[in-house]
Amino acid sequence: MKVLKNVRLIDGTGAAPLNDACIVVSGNKISAITTTNQSDFPADAEIVNCAGLTVLPGLIDCHDHMANHRYDLAHRWGIDEPESTRHLRTAAVLRQTLEAGYTMIRDAGGLDAGFRRAIEEGLTVGPRLLISISIISPIGGIGDRVAPSGDCCCVPGDPLLPSGVAETLADVRPVVRKMVRAGADVIKCATTGGASSRPGHGPRDSAFNLDEMQALVDEAHALDRRVMCHALGGRGLDIAIAAGVDSIEHGCYLDEDPRHLDRMAERGIVFVPTLLVYEYHRKSPQPHVRERAHQLYEHHILAIQRALAAGVKIVAGTDAGGHGHPANAGELECLMKAGLTPMQAIQAGTAWAAECCGKEAELGTIEAGKLADLVVVNGDPLAEIAILRDAKNIALVLKDGEIAANRMS
Ligand SMILES: [Zn+2]
């Protein structure tokens, strides 16, 4: 048994902080939340005095690419370094992410199931992982690996990361099944280009027609997998919502048609804006990327504000990977700047994020009976959310009831 005493508790439900609370962890679960004057704990209980510290639910990033480390073609094709070096690089990022207070990551493509297994077996440390394997798109979509020269990727396919290109309607269901066979917990697809996609396939250029997307969503749901869909604007965004995906990733031009957000609210489709990546793209050396990122900025902020008003759930996702692995909590700060309150920003990275992942019964809030994923923070993130960006302020991380990082002494 572990007892966190004298904590200032932000439980993730949106309730006001509770001072002088006491969190009791038995095995991998939170067994009780009591007041500090309780003292009748068993003699072998490990008591941690958290006076002056704040405790939050373990943080969750709903859109990350843990196995990507740069945007350049050689890296994306996997020819810039030995595969073993790259895997160890990814393992280092997994450790660093957990130690920064992120106890769950939903990977949006590129991470193979071996990492999840290695963490579960204790070979390496990292957050809980929900993985999507490869991005599914049609020919010419963002999952299709083509160089500016027109050459297709020359590197032999990795059996752990099957190709996500669905060439025809008939291919869509088999490609979904291949992702599930390779270990996907969630299906990632794309119905538009993005800021960093090739010239000619931009944020409002569509990929997939409605029949194809309908088949994709039906097949994923038949296999009990949610669908996270990269969709920025135009027809592709409309098709993704009409097909009933579970979350819209990026959603930069959701402000352009008022029906989008109304339909998302009605169907419970979550919005994952990924603001942090566009800060990076606005400084991109590639003119077409920089221009797209500047053009979408004001729309994106408006989309977030209208989503809040429409009752669409907004959750935090960094889209880290290509732009390196900066502190994931930077996204919470971006969400606040876009109009969320500090408490909403924390919920976007805890309780609401757990709902987006389908894990709300076990994770996302600090309540008796839930899994003990907890972050102890030096300072008050409600007063200054930026403190979460600095790992020095992350005093203690518990994942599954075990200490994953300890900077307390
Ligand atoms: Zn992404």
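This report concerns the structure included in the present document. Residues take numbers from 1 onward in each chain, read along the sequence in its written order. Local features in this predicted model are restricted to residues whose pLDDT is 70 or higher, and side-chain atom pairs enter the listing and the counts only when it is 80 or higher, whereas totals over whole chains, interfaces and linings include all residues. Side-chain metrics in this entry use all non-hydrogen atoms of the structure; hydrogen atoms and water are not considered.

A few points about the overall build of the chain
Here is step 1: Secondary structure counts use DSSP, requiring at least four H or I residues in a row for a helix and at least two E residues in a row for a strand, with both numbered from the N terminus. Check the secondary structure of the chain and you find 12 helices and 15 strands.
Here is step 2: In terms of C-alpha radius of gyration, the chain reaches 21 Å, essentially the compact-globule figure of 22 Å for 409 residues.
Here is step 3: Within the chain, buried positions represent 56% of all 409 residues.
Here is step 4: Pairs of residues are marked as contacts when any of their non-hydrogen atoms sit within 4.5 Å. For the chain, contacts bridging at least 24 residues in sequence account for 69% of all contacts bridging at least 6.
Here is step 5: Surface accessibility of the chain: about 16500 Å² in total, with carbon and sulfur atoms responsible for 49%.
Here is step 6: Both charge centroids of the chain, one from 40 positive and one from 52 negative side chains, sit 2 Å from each other. It is over C-alpha atoms that the radius of gyration is taken, and the globule rule equals 2.2 Å times the number of residues to the power 0.38. Throughout this description, buried means an accessible area under 20% of the type-specific maximum (1.4 Å probe, protein chains only), exposed means over 50%, and partly exposed covers the range between. Computed by Shrake-Rupley with a 1.4 Å probe, the accessible areas treat only the displayed protein chains as cover when residues are assessed. Charged-residue counts in this description rest on Lys and Arg as positive and Asp and Glu as negative, His and the chain ends being excluded. Charged side chains are reduced to one point each, which is NZ for Lys, CZ for Arg, CG for Asp and CD for Glu.

As for the pattern of salt bridges
Here is step 1: What makes a salt bridge here is a side-chain nitrogen of Lys or Arg within 4 Å of a carboxyl oxygen of Asp or Glu, nothing more. If you walk through the whole model with that rule in mind, you get 21 salt bridges.
Here is step 2: One salt bridge in this structure joins Arg-70 and Asp-80, with 3.2 Å as the shortest N-O distance. Pair noted here: Arg-70 is in the loop between β6 (59-64) and α1 (73-76) and Asp-80 is in the loop between α1 and α2 (83-99), with a separation of 10 residues, a long-range link.
Here is step 3: As a salt-bridge pair, Arg-116 and Asp-185 come within 2.8 Å of each other at their nearest N and O atoms. Taken as a pair, Arg-116 in helix α3 (residues 113-120) and Asp-185 in the loop between α4 (169-181) and β9 (186-190) lie far apart in primary sequence, 69 residues in all.
Here is step 4: For Asp-185, a relative accessible area of 27% gives the class partly exposed.
Here is step 5: When salt bridges that share partners are traced, they join Arg-173, Arg-177, Asp-218 and Glu-219 into one network.

Considerations on the coordination of the zinc ion
Here is step 1: Each metal's donors comprise the N, O and S atoms found within 2.8 Å of it (within 3.2 Å for Na, K or Ca). Water is not part of the atom list, so some coordination spheres may appear incomplete. Those protein atoms acting as donors to the zinc ion are His-63 (NE2), His-65 (NE2) and Asp-319 (OD), and they sit at 2.1 to 2.2 Å.
Here is step 2: In the primary sequence, the donor residues of the zinc ion line up as H-x1-H-x253-D. Of this pair, His-63 sits in strand β6 while Asp-319 sits in the loop between α9 (287-310) and α10 (330-337), placing them 256 residues apart in sequence.
Here is step 3: In this structure His-63 comes out as buried when scored by relative accessible area, which is 0%.

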